[in-house]
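Breakdown of the fold
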Amino acid sequence: MDQVTAKPHDALATLLQPELEATGQLIRARMESRYAPRIPQVTAHLVDAGGKRLRPMLTLAAAKLCGYQGPYHVHLAATVEFIHTATLLHDDVVDESQQRRGRPTANLLWDNQSSVLVGDYLFARAFQMMVEPGNLRVLDILSSAATTIAEGEVLQLSAAQDLATTEETYITIVRGKTAALFSAATESGAVLAEAPDAHVQALLTYGDALGIAFQMADDLLDYQGDSGQTGKNIGDDFRERKLTLPVIRAVAAADEEERAFWHRTIGRGKQEEGDLEQALALFAKHGTLESTRQTALDWSARARDALQVLPESEIHDLLADLAAYVVARLN
């Protein structure tokens, strides 16, 4: 881990600066509406909030790594960002969120209806843009990802507060909410570049494993991160009764008294002062934070291993560093 670039996504952004600028210009052009000025207002509020643009960066990096020379990787990058932004708008309504990237959410500043409808507009725009490269396989990858994302969100809703939720279901949810778009970003970039099947599969595997490691790290940081850096208060997931991996593993290892605690706090939502500290004590007792960290590291290693068949380059090295970095935050 000592060799990891401090922030490989920043180095990758510098390397891809011309393409990222073109992507930003295309995003701004395509979020305009001739008849509904609220659409660019709501979209700009989220787009301008300072996100890393990690998903479009992965699309551009995969295409360039595979030798793509044309203009359409920018369209795919903007498509991926529109899908991501649309899901954030919808998620904030579903979760009744009030803050995103350190700013009030769109549903708080406007209303739920605006957030849902602008999200729908961005999905429609995304489908317009994903058609433009004229590549049916790319269209299949990105449209399938949109389906998987929606499935994951509904599954998360139905599994919420259900103490019978398994690790397998958790991974399915994580693939939907995070990894599906990561893997679609990397796979579509490789397909656009007409890369060999082995390279396409490698980048698909990389994106999937990176997304899972990324989400597991985020779930872990909710319980042991620096709120100043994460933008979240310690224990937000506990207060929102989310069944993330540390909780699922603690429930699986619980005795009768501990299970009653989880049933009250997560299952029924009857939380009292001191419950978060009790949850953290149970995590420590059963080692679930450390085991989650190790699982995230395993997924990170899987992402890096997938890159081995791809040609060596600066982008290759930065993608490997990125996979290490998303879990290096946990040290």
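No experiment lies behind these values; they were computed from the predicted model shown. (Residues numbered from 1 in each chain as written. Predicted model: local features only at pLDDT ≥ 70, side-chain atom pairs only at ≥ 80, totals over all residues. Heavy atoms only, no water.)

**Notes on the layout of surface pockets**
Rules: The distinction between a cavity and a pocket rests on a 1 Å grid over the protein atoms alone: a 1.4 Å probe fits inside a cavity but cannot get out, while a pocket stays open yet meets protein on both sides within 12 Å along at least five of seven lines, and a residue with an atom within 4 Å of a point counts as lining. Grid points are joined across faces, edges and corners, and a volume is the space filled by probe spheres set on the points. A run of H or I in DSSP becomes a helix once it reaches four residues, and a run of E becomes a strand once it reaches two; helices and strands are each numbered from the N terminus. Here the nonpolar group is Ala, Val, Leu, Ile, Met, Phe, Trp, Tyr, Cys and Pro; Asp, Glu, Lys and Arg are the charged ones; every other residue, Gly included, is treated as polar.
One number sums up the size of the second largest pocket: a volume of about 180 Å³. Those elements that provide at least two residues to the lining of the second largest pocket are helix H8 (136-159), helix H9 (167-192) and helix H10 (197-224). Counting residues per element, the lining of the second largest pocket draws most heavily on H9, which supplies 6 residues. Considered class by class, the residues forming the lining of the second largest pocket number 6 nonpolar, 3 polar and 4 charged.

**Quick look at helix H17 (residues 314-328)**
The criterion, for reference: Take the number of residues in a helix, subtract one, and multiply by 1.5 Å to get its expected span. Partly exposed describes any residue whose relative accessible area lies between the buried limit of under 20% and the exposed limit of over 50%, with all areas from a 1.4 Å probe on protein chains only and scaled to the type maximum. Identification of polar contacts relies on pairs of N or O atoms within 3.5 Å, with a donor-acceptor requirement for protein atoms, meaning one able to donate a hydrogen and the other able to accept it, and with residues adjacent in sequence counted only if both atoms are side-chain atoms.
Relative to the 21 Å expected for 15 residues at 1.5 Å per residue, H17 spans 20 Å between its end C-alpha atoms, a close match to the ideal helical length. Burial analysis of H17 places 12 of its 15 residues in the buried class, the great majority of the element. Among the residues of H17, those classed as buried are Ile 315, His 316, Leu 318, Leu 319, Ala 320, Asp 321, Leu 322, Ala 323, Ala 324, Tyr 325, Val 326 and Val 327. The N-capping residue of H17, defined by a side-chain oxygen 3.4 Å from the backbone nitrogen of Ile 315, is Ser 313.

**Things to note about the environment of Thr 105**
With respect to the helices and strands, the residue Thr 105 is situated in the loop between strand S2 (103-104) and helix H6 (106-109). When its relative accessible area of 1% is taken as the criterion, Thr 105 is described as buried. The sequence separation of Thr 105 and Thr 244 amounts to 139 residues, and the corresponding C-alpha distance is 23 Å.

**Quick notes on the nonpolar core**
Note the threshold: In plain words, nonpolar cores are sets of buried Ala, Val, Leu, Ile, Met, Phe, Trp, Tyr and Cys residues tied together by side-chain atoms within 4.5 Å. By definition in these notes, contact holds between two residues if any of their heavy atoms fall within 4.5 Å.
Formed by 104 residues in total, the largest nonpolar core has its most connected members in Tyr 206, Leu 210, Trp 262 and Leu 319. No other element matches H10, which puts 14 residues into this core. Apart from residues lying up to four places away in sequence, Trp 262 is in contact with Leu 163, Phe 238, Val 247, Ala 250, Val 251, Ala 254, Gly 267, Ala 279, Leu 282 and Phe 283.

**Notes on unusual backbone geometry**
Despite not being glycine, Glu 194 shows a phi value in the positive range, around 55°. By secondary structure assignment, the location of Glu 194 is in the loop between H9 and H10. Residue Glu 194 is classed as exposed on the basis of its relative accessible area, which comes to 71%. The backbone phi angle of Arg 241 is positive, close to 65°, even though this residue is not glycine. Assignment of secondary structure puts Arg 241 in the loop between helix H12 (236-239) and helix H13 (245-252).

**Description of the pattern of salt bridges**
Definition in use: What makes a salt bridge here is a side-chain nitrogen of Lys or Arg within 4 Å of a carboxyl oxygen of Asp or Glu, nothing more.
Throughout the structure, instances matching the rule amount to 15 salt bridges. Across the pair Asp 237 and Lys 242 runs a salt bridge whose closest N-O atoms are separated by 3.9 Å. Residue classification places Asp 237 among the buried positions, given a relative accessible area of 3%. Assessed through its relative accessible area of 26%, Lys 242 is described here as partly exposed. Salt-bridge contacts for Lys 285 lead to Glu 258; the nearest nitrogen and oxygen are separated by 2.4 Å. One end of the pair, Lys 285, is in helix H15 (residues 275-286); the other, Glu 258, is in helix H14 (residues 256-267), with 27 residues separating them in the sequence. Classification of Glu 258 by relative accessible area gives buried; the value is 7%. The structure contains a network of salt bridges with shared partners spanning Asp 237, Glu 240 and Lys 242.

**Details of the packing of helix H2 (residues 17-30) against helix H4 (residues 54-65)**
The following threshold applies: Axes here mean lines fitted to C-alpha atoms, for a helix over just the part in contact, with angles spanning 0 to 180 degrees between N-to-C directions. Here roughly perpendicular refers to angles of 65 to 115 degrees, roughly parallel to angles under 35, roughly antiparallel to angles over 145, and oblique to all remaining angles. Crossing chirality is assigned from the near helix's rotation relative to the far helix, an anticlockwise turn below a right angle marking it left-handed and a clockwise turn marking it right-handed.
It is at 10 Å that the axes of H2 and H4 come closest, and there the two elements cross at 130°. Regarding the angle of H2 to H4, the classification is oblique. When the axes of H2 and H4 are compared, the crossing they make is right-handed. Contact residues: Glu 19, Leu 20 and Thr 23 in H2; Pro 56, Met 57, Leu 60 and Lys 64 in H4.

**So, helix H16 (residues 288-306)**
One full turn of an α-helix is made of 3.6 residues, so residues set three or four places apart face in the same direction. Compared with an ideal rise of 1.5 Å per residue, which puts 19 residues at 27 Å, H16 spans 27 Å between its outermost C-alpha atoms and is within 8% of the ideal. Within H16, the full set of buried residues consists of Thr 288, Leu 289, Thr 292, Thr 295, Ala 296, Leu 297, Trp 299, Ser 300, Ala 303 and Ala 306. Tucked inside the fold, the buried residues of H16 contact H9, H10, H13, H15 and H17.

**Notes on empty space enclosed by the protein**
Per the counting criterion, the structure on display carries 1 cavity of 30 Å³ or more. Counted as a void, the largest cavity has a volume near 50 Å³. In this structure, the largest cavity is lined by 10 residues; those nearest its centre are His 45, Leu 46, Arg 100, Pro 104 and Thr 105. Contributions of two or more residues to the lining of the largest cavity are made by helix H3 (38-47), helix H5 (72-94) and S2. Looking at the lining of the largest cavity residue by residue, the classes come out as 5 nonpolar, 2 polar and 3 charged.

**Overview of the environment of Asp 305**
Within the secondary structure, Asp 305 is located in helix H16. Judged by its relative accessible area of 48%, Asp 305 is partly exposed. Sequence spacing of Asp 305 and Tyr 206 is 99 residues, and the spatial spacing of their C-alpha atoms is 8.1 Å.

**Quick word on the packing of aromatic side chains**
How we decide: Side-chain rings of Phe, Tyr and Trp, where Trp is taken by its six-membered ring, are said to pair if the distance between their centres is within 6.5 Å; with planes under 30 degrees apart they count as stacked, over 60 as edge-to-face, and otherwise as tilted.
Summed over the entire model, instances satisfying the criterion amount to 5 aromatic pairs. Both rings, one in Tyr 223 and one in Phe 283, keep their centres 4.9 Å apart while their planes meet at 75°; by these two values the pair is edge-to-face. One end of the pair, Tyr 223, is in helix H10; the other, Phe 283, is in helix H15, and 60 residues separate them in sequence. No difference in accessibility class separates Tyr 223 from Phe 283, as the two residues are buried. Aromatic side chains Phe 238 and Trp 262 sit 6.5 Å apart centroid to centroid with 75° between the ring planes, which places their arrangement in the edge-to-face category. Of this pair, Phe 238 sits in helix H12 while Trp 262 is found in helix H14, placing the two residues 24 residues apart along the sequence.

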